[in-house]
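Examining the three-dimensional arrangement
Chain residues, written in single-letter form:
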Amino acid sequence: MDPLLSYAQRRLGDIVALIRRFVECESPSDTPDAVNRFVELVSDTVAPFAKVKTVKGGRFGKQLMVEPSLPGKRKQGQILALGHSDTVWSMGTLKTMPFRQADGRLWGPGVLDMKSGIAFFLFAVQTLRELEIPAASKVLLQVNSDEEVGSEASRPLTEKNAKASKAVLVLEPGTGLTGKLKTARKGVGDFTVTVRGRASHAGVDFTAGASAVVELARQIDHIATFTHLDRGITVNPGVISGGTRSNVVAAEATAEVDIRVLRLKDAPGLEKKFKSLKPFDRRCTIEVTGGLNRPPMERSAGIVKLFRTAQALARDLGVDAEESLTGGGSDGNFTAALGVPTLDGLGAVGEGAHAANESILVDRIADRTALIAKLIAAL
Ligand SMILES: [Zn+2]
């Protein structure tokens, strides 16, 4: 058997124990103190074998950078591993969704997205150290505190570290229960469309009013036509609000619209369509704000090459690694958009991210950990 895989299998109990400690340290994006406690837990865990640095995250928790000391004398260039400390789960979720091991899985808030990925990376580092396998490059792990809420605070740091790296390995979960690696992600954006009309009494003075609700409804019907499934463009008016009472002609109404694009070149055209919305009822006005906030991770030649490398290494572990495209964004979108080869989905194999059935497969922990170790050694 592959020596890295057999090492990871021997340490399986320790890896599960670390994942448990990570999951039981709750860290929702909007509670910086809790995120900082998790950052401290990771820092303490790596203290014996890594240099640690934190960077202030503004209204979010701290960003964490870990530089492990790895075997190998002549290191050339840098590899960036990316993860995030924050989860979508509020403080106290553990009471109703405690960490547990059952049915061949580990369950709990953030176990898949993505505390296991961080644990895998730390054990990948220990694998290389214990087996004295040299790493060809310096390796830096960056753990962001605001990924689940758009990465506004961490983005500059991610981009700075990516620019200094020859490849980026993203520790987000793989796709589906086979854990496909991610070689493409859609770009993500949002628009807020606000219609202002004229209020009036719905009974006494109906014709004096210009309904913002009716106008918005017509706009949404039009906005829905911006979707082009064949080009990978989706437009989702997900939230609408407006009006005050049923007997008042509504003065204001708002829609929040999520957009996804497969190719960056489709974004300007879509933005233009939003910015040039015209009212059907000339007495109404339309204000549009927003735009693309994560560029797409496009499947470049560099990404394909990185995937092929991972695929060959996985084969040594007895795993048939496949690739996938996802509509969801990650911090890998930013690094790929800079032209730095980025491979995503290297974290846990499981299902139910952001959902009550969030869980990972125990029998895929060792091969994932070994794959990350092999990639670090090879790149
Ligand atoms: Zn995630």
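So, here's what we can say about the structure. This one's a predicted model, so the numbers in the text were calculated from it and none came from an experiment. (Residues numbered from 1 in each chain as written. Predicted model: local features only at pLDDT ≥ 70, side-chain atom pairs only at ≥ 80, totals over all residues. Heavy atoms only, no water.)

1. Section: the overall build of the protein chain
Looking only at helices and strands, one finds 11 helices and 18 strands in the protein chain. Based on the C-alpha atoms only, the size of the protein chain along its principal axes is roughly 85 × 45 × 40 Å. In the protein chain, buried positions account for 53% of the 379 residues. Contacts in the protein chain between residues far apart in sequence, at least 24 positions, make up 81% of those at least 6 positions apart. Element-wise, carbon and sulfur atoms account for 51% of the exposed surface of the protein chain, whose accessible area totals about 16,600 Å². Each charge sign in the protein chain was given a centre, from 49 positive and 43 negative side chains, and these centres are 5 Å apart. (Helix = DSSP H or I, 4+ residues; strand = E, 2+ residues; numbered from the N terminus. Buried < 20%, exposed > 50% of the residue type's maximum accessible area, 1.4 Å probe, protein only. Contact = heavy atoms within 4.5 Å. Areas by Shrake-Rupley, 256 points an atom, 1.4 Å probe, with all protein chains shown as cover. Lys, Arg positive; Asp, Glu negative; His and termini not counted. Charge placed at Lys NZ, Arg CZ, Asp CG, Glu CD.)

2. Let's talk about the nonpolar core
Membership of the largest hydrophobic core comes to 68 residues, with the highest contact counts inside it found for Ile19, Phe22, Leu106, Phe121, Leu122, Ile360 and Ile365. Counting residues per element, this core draws most heavily on helix 5 (residues 111-130), at 12 residues. Once residues lying within four places of it in the same chain are set aside, the contact partners of Leu122 are Leu18, Phe22, Val42, Thr45, Val46, Phe49 and Leu141. Ala210, Ile233, Ala253 and Ala255 belong to the second-largest nonpolar core, a separate cluster that totals 21 residues. (Core = buried A, V, L, I, M, F, W, Y, C linked by side-chain atoms within 4.5 Å.)

3. Quick look at the sheet that holds strand 18 (residues 359-361)
If you walk across this open sheet you meet the four strands as 4-5-18-17, and the pairing is antiparallel. Lying at the two open borders of the sheet, with one neighbouring strand each, are strand 4 (100-102) and strand 17 (350-351). In this sheet, strand 18 lies alongside strand 5 (residues 105-107) in antiparallel orientation, the contact comprising three bridges. Its bridge partner lying in strand 18, Leu106 is registered against Ile360. On the sheet, helix 5 packs against strand 5, strand 17 and strand 18 and is oriented at approximately 45 degrees with respect to strand 18. (Pairing = 2+ DSSP bridges. Axes fitted to C-alpha atoms, helices over the stretch in contact; angles between N-to-C directions.)

4. A few points about the sheet that holds strand 16 (residues 342-343)
Strand order across the open sheet formed by six strands is 1-2-6-3-7-16, with mixed pairing between neighbours. The open sheet is flanked by strand 1 (50-55) and strand 16, the only strands paired with a single partner. Pairing of strand 3 (residues 78-84) with strand 7 (residues 167-170), which is carried by four bridges, proceeds in the parallel orientation. If you follow Leu82 over to strand 7, its bridge partner there is Val170.

5. A short note on the pattern of salt bridges
Applying the stated criterion across every chain, the model contains 18 salt bridges. Here Glu159 and Arg155 are joined by a salt bridge, their closest N and O atoms 2.9 Å apart. Of this pair, Glu159 and Arg155 are both found in helix 6 (residues 155-163), four residues apart, which corresponds to roughly one turn of the helix. Using a relative accessible area of 18% as the deciding quantity, one classes Glu159 as buried. Arg185 is the salt-bridge partner of Asp344, the closest N and O atoms lying 2.6 Å from each other. Residue Asp344 is found in the loop between strand 16 and strand 17, and its partner Arg185 is found in strand 8 (residues 181-185); the two are separated by 159 residues along the sequence. Across the pair, exposure class does not vary: Asp344 and Arg185 are buried alike. Because the salt bridges share partners, they merge into one network encompassing Asp2, Asp316 and Lys374. (Salt bridge = Lys/Arg side-chain N within 4 Å of Asp/Glu carboxyl O.)

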